[in-house]
Amino acid sequence: MNGQKKITDGIFWIGGSDRRLERFENIFPIPEGVSYNSYFIDDEKTAVFDTADITVADQYIENLKHALGGRKLDYLVVLHMEPDHCSCIDKVVALFPDVTVVGGKQTFVFMEQFFPQAKDFNRLEVKEGDTLSTGSHTFSFVAAPMVHWPEVLFAYDTASKALLSADAFGTFGALDGGIFADEYDFERDFLDSARRYYANIVGKYGPQVQAVLKKAQGLDIQMILPLHGPVWRQDLNVLLDKYQKWSTYESETDGVIVVYGSLYGHTASAAEAVASSLRDKGVKGVKVYDVSGTDVSYLIGEVWRCRKIVLMCPTYNNGIYTPMENFLSDMAALSVQNRVFALAQNGTWAPVSGKLMSEKLSQLKNVTVLENILTIKSALSAKDTEALNSFTDAIVNA
Ligand code: FEO
């Protein structure tokens, strides 16, 4: 059954939702699914902005044919050449061999790498400031390099005042039949997924997101049409405020996450004691996570949300407990900044994980690592009460 959603006059969503893919990019678990958004322009000329992932190809092609209603496709605009959006390009061009494929210089370099036959496509190369008119809609192109690939373009339609924003402002999560963010309780249904998506996929590129947000300030944007998740037509500032915070590495809350690794439960028990002490001292919003049982993408999402992070783990092979080391490496890769870290180390004979974690965290910009490392010798006990107390005092006061 074909599926399309009217966005506004002459613009329709013709993408697809995927609930079968276990891991986005074969890394990030997506139990909430994901949508691949493609936008059809029904005007004097017809156009589509981006295609969809191969996993929804059949649905996508059915949607496109239905939207065209027997007309030919004039333009295929490629704002982003990552395969979750471009993997149906060859199918679309095979169906409409006369279509003009529109993209930037680097778009076509990547396109020929993925699809060697692209060298023979009819092409229109555009750059920032160029426009494409389909009749009543005129799209201006805005370069958005490294948000989060180098070739990325945004397109702004002066008729509808819609910004087609590629991956920016997207989120994990299938669409459940609705297309507009205001059809959902976004905070309940999408915010955690949107943050996890941003932090893990775009998080490293905060300065580049800031650069494109500054360009966007010069546009009268009434709608945001991302490549994943719902379209925004109301309360755009809700999302823009989040992006301002996320891209400047500013936390959303003063809350604390306690992330522990534990072989036999002793460091887990200590983590519960730390969380309990923090709660007793009036800290709201304490969350405890087992680093071995929580996919690191969720932990990264929580790092973007919270200002204070407690890391507690055993010493392992004279190093850092490996799942914790993976989490630390991910934080470094994603350029985590502006956070406060408190560290606890466990070791039955030679605890060094605290010192080693501190060394790894020193690679991050603008972070504070509290000096007071809590040392656990095998298990926390009554004799450690004072040490625990001063450890959580330092976190509260940081
Ligand atoms: Fe949704 Fe960067 O692809």
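All chains use their own residue numbering, which begins from 1 and follows the written sequence. Where local features are concerned, this predicted model is filtered to residues with pLDDT of at least 70; where side-chain atom pairs are given and counted, the filter is 80 or more; whole-chain, interface and lining totals use all residues. Side-chain descriptors were evaluated using all non-hydrogen atoms of the structure, hydrogens and water having been removed beforehand.

Draft legend 1. Representation of the sheet that holds strand β14 (residues 153-157) within the structure. Think of it this way: DSSP has to see at least two bridges between two strands before they count as a pair. Working definition: helices are DSSP H or I runs of at least four residues, strands are E runs of at least two. Numbering for both runs from the N terminus. On the basis of which strands lie adjacent, the open sheet formed by five strands has the order β12-β13-β14-β15-β16 and mixed pairing. Edge strands, defined here as strands with exactly one partner in the open sheet, are β12 (131-133) and β16 (223-225). With strand direction ignored, the average angle separating the axes of adjacent strands in the sheet is 25°. Sheet topology places strand β15 (residues 162-164) next to β16; three bridges connect them, and they run parallel. Pairing of Leu 163 across the sheet is with Ile 224, part of β16. Here the axes come from fitting lines to C-alpha atoms, over the contacting stretch only for helices, and the angles between their N-to-C directions go from 0 to 180 degrees.

Draft legend 2. Region of the structure containing the environment of Ala 268. Within the secondary structure layout, Ala 268 lies in helix α9 (residues 266-280). Its relative accessible area of 15% is what places Ala 268 among the buried residues. The spatial distance from the C-alpha of Ala 268 to the C-alpha of Lys 245 is 31 Å, given a sequence separation of 23 residues. Contact definition: two residues touch when any of their heavy atoms are within 4.5 Å. Ala 268 has contacts with Tyr 260 and Ser 262, leaving out every residue within four places of it along the chain. Using a 1.4 Å probe on the protein chains alone, a residue whose accessible area is under 20% of its type maximum counts as buried, one over 50% counts as exposed, and one in between counts as partly exposed.

Draft legend 3. Quick look at unusual backbone geometry. Of note, the amide linkage connecting Val 147 to His 148 takes the cis form, showing an omega dihedral of 0°. Positionally, His 148 belongs in the loop between β13 (138-143) and β14. A positive phi angle is found at Glu 25, which is not glycine, with a value near 55°. One non-glycine residue, Asn 366, adopts positive backbone phi at about 55°. By secondary structure assignment, the location of Asn 366 is in the loop between α12 (353-361) and β22 (368-369). Relative accessible area serves as the criterion here: at 53%, Asn 366 is assigned to the exposed category.

Draft legend 4. Structural context of the pairing of β14. Of all the five residues making up β14, five are buried; the element is thus mostly covered by neighbouring parts of the structure. On β14, burial covers both faces: Leu 153, Ala 155 and Asp 157 on one face and Phe 154 and Tyr 156 on the other are all buried. Pairing of β13 with β14, which is carried by five bridges, proceeds in the antiparallel orientation. Bridge pairing links Ser 140 to Tyr 156 in β14. The sheet contact formed by β14 and β15 spans three bridges and is antiparallel. Directly across from Ala 155, in β15, lies its bridge partner Leu 164. The hairpin formed by β14 and β15 contains four residues between the paired strands, and Lys 161 there has a positive phi angle of roughly 60°.

Draft legend 5. Region of interest: the packing of helix α7 (residues 206-216) against helix α8 (residues 236-247). Put simply, α7 and α8 touch, their axes get as near as 9 Å, and they point 140° apart. As the angle between them shows, α7 and α8 are arranged oblique. Along this stretch, α7 crosses α8, giving a crossing that reads as left-handed. Contact residues: α7 offers Gly 206, Pro 207, Val 209, Gln 210 and Leu 213, while α8 offers Leu 240, Tyr 243, Gln 244 and Ser 247. Three classes are used: nonpolar for Ala, Val, Leu, Ile, Met, Phe, Trp, Tyr, Cys and Pro, charged for Asp, Glu, Lys and Arg, and polar for all others, with Gly counted as polar. When its residues are assigned to classes, the contact of α7 with α8 shows five nonpolar, four polar and no charged. The cut-offs work like this: below 35 degrees is roughly parallel, past 145 is roughly antiparallel, 65 to 115 is roughly perpendicular, and the gaps in between are oblique. By convention the crossing between two helices is left-handed if the near helix lies anticlockwise of the far one by an angle smaller than a right angle, and right-handed if it lies clockwise.

Draft legend 6. The side chain of Asn 346, seen in detail. Mapping Asn 346 onto the fold places it in strand β21 (residues 340-346). Of the residues examined, Asn 346 reaches a relative accessible area of 6% and is grouped as buried. The definition of a polar contact used here is a pair of N or O atoms within 3.5 Å, where within protein one atom must be able to donate a hydrogen and the other to accept one, and adjacent residues in sequence count solely through side-chain atom pairs. In terms of polar contacts, Asn 346 uses its side chain to reach the side chain of Thr 267, at 3.0 Å. Discounting residues that sit within four places of it in the chain, Asn 346 has contacts with His 266, Thr 267, Cys 313, Pro 314, Thr 315, Pro 351, Ser 353, Ile 376, Lys 377 and Ser 378.

Draft legend 7. Expanded view of the nonpolar core. The nonpolar core is taken to be a set of buried Ala, Val, Leu, Ile, Met, Phe, Trp, Tyr and Cys residues, with the residues joined through side-chain atoms within 4.5 Å. Within the largest apolar cluster, 122 residues are counted, with the highest numbers of intra-cluster contacts made by Ile 7, Ile 89, Met 111, Leu 311, Met 324 and Phe 327. For this core, the element with the most residues is helix α6 (residues 191-202), which contributes seven residues. Among the domains, domain 1 (5-247) and domain 2 (256-397) are the pair contributing at least three residues each to this core. Residue contacts for Met 111: discarding those within four places in its chain leaves Val 78, Met 81, Ile 89, Val 101, Ala 118 and Phe 121. The next biggest cluster of nonpolar side chains, apart from the first, holds 22 residues, and it includes Val 258, Ala 270, Val 283 and Leu 370. The split of the chain into domains comes from an automatic or database domain assignment.

Draft legend 8. Quick peek at the packing of aromatic side chains. Between 30 and 60 degrees the pair is tilted, below 30 it is stacked and above 60 it is edge-to-face, where a pair is any two Phe, Tyr or Trp rings, Trp via its six-membered ring, whose centres lie within 6.5 Å. Under the counting rule described, the total for this entry stands at 15 aromatic pairs. Ring centres of Phe 169 and Tyr 243 lie 4.4 Å apart, and the angle between their planes is 40°; this geometry places the pair in the tilted category. Of this pair, Phe 169 sits in the loop between β15 and α5 (186-189) while Tyr 243 is found in helix α8, placing the two residues 74 residues apart along the sequence. Given a relative accessible area of 5%, Phe 169 falls into the buried group. Relative to Phe 190, the ring of Tyr 184 lies with its centre 5.0 Å away and its plane at 85°, an arrangement referred to as edge-to-face. A relative accessible area of 3% places Phe 190 in the buried class. A connected cluster of aromatic rings, assembled from ring pairs, spans Phe 24, Phe 28, Phe 172 and Tyr 197. One residue, Arg 196, lies across the ring of Tyr 298, its end atom 4.0 Å from the ring centre. Geometrically, a charge over a ring is one whose NZ (Lys) or CZ (Arg) sits within 6 Å of the ring centre while staying within 35 degrees of the ring normal. A cation over a ring is seen here: Arg 233 above Phe 180, with NZ or CZ 3.7 Å from the ring centre.

Draft legend 9. View of the domain arrangement of the chain. Domain assignment breaks the chain into domain 1 (5-247) and domain 2 (256-397). Using only C-alpha atoms to locate each centre, domain 1 and domain 2 end up separated by 38 Å. Facing 14 residues of domain 1, the contacting portion of domain 2 comprises 11 residues. In this description, buried area is defined as the sum, over both parts, of the accessible area (probe of 1.4 Å) that is lost when the two are combined. Carbon and sulfur atoms make up 56% of the area that domain 1 and domain 2 hide from each other, which totals about 1,000 Å². The salt bridge criterion pairs a side-chain nitrogen of Lys or Arg with a carboxyl oxygen of Asp or Glu, the two atoms within 4 Å. Where domain 1 packs against domain 2, one counts one salt bridge. Measuring nitrogen to oxygen at the nearest pair gives 3.3 Å for the salt bridge that ties Arg 23 to Asp 295. Linking domain 1 to domain 2 there are six residue pairs in polar contact (both at pLDDT 80 or more). Where the side of domain 1 that touches domain 2 is concerned, the elements lending two or more residues are β5 (28-29) and α6. Sorting elements by how many residues they give to the side of domain 1 that touches domain 2 places α6 first, with five residues. Grouping the constituent residues of the side of domain 1 that touches domain 2 by class yields seven nonpolar, two polar and five charged.

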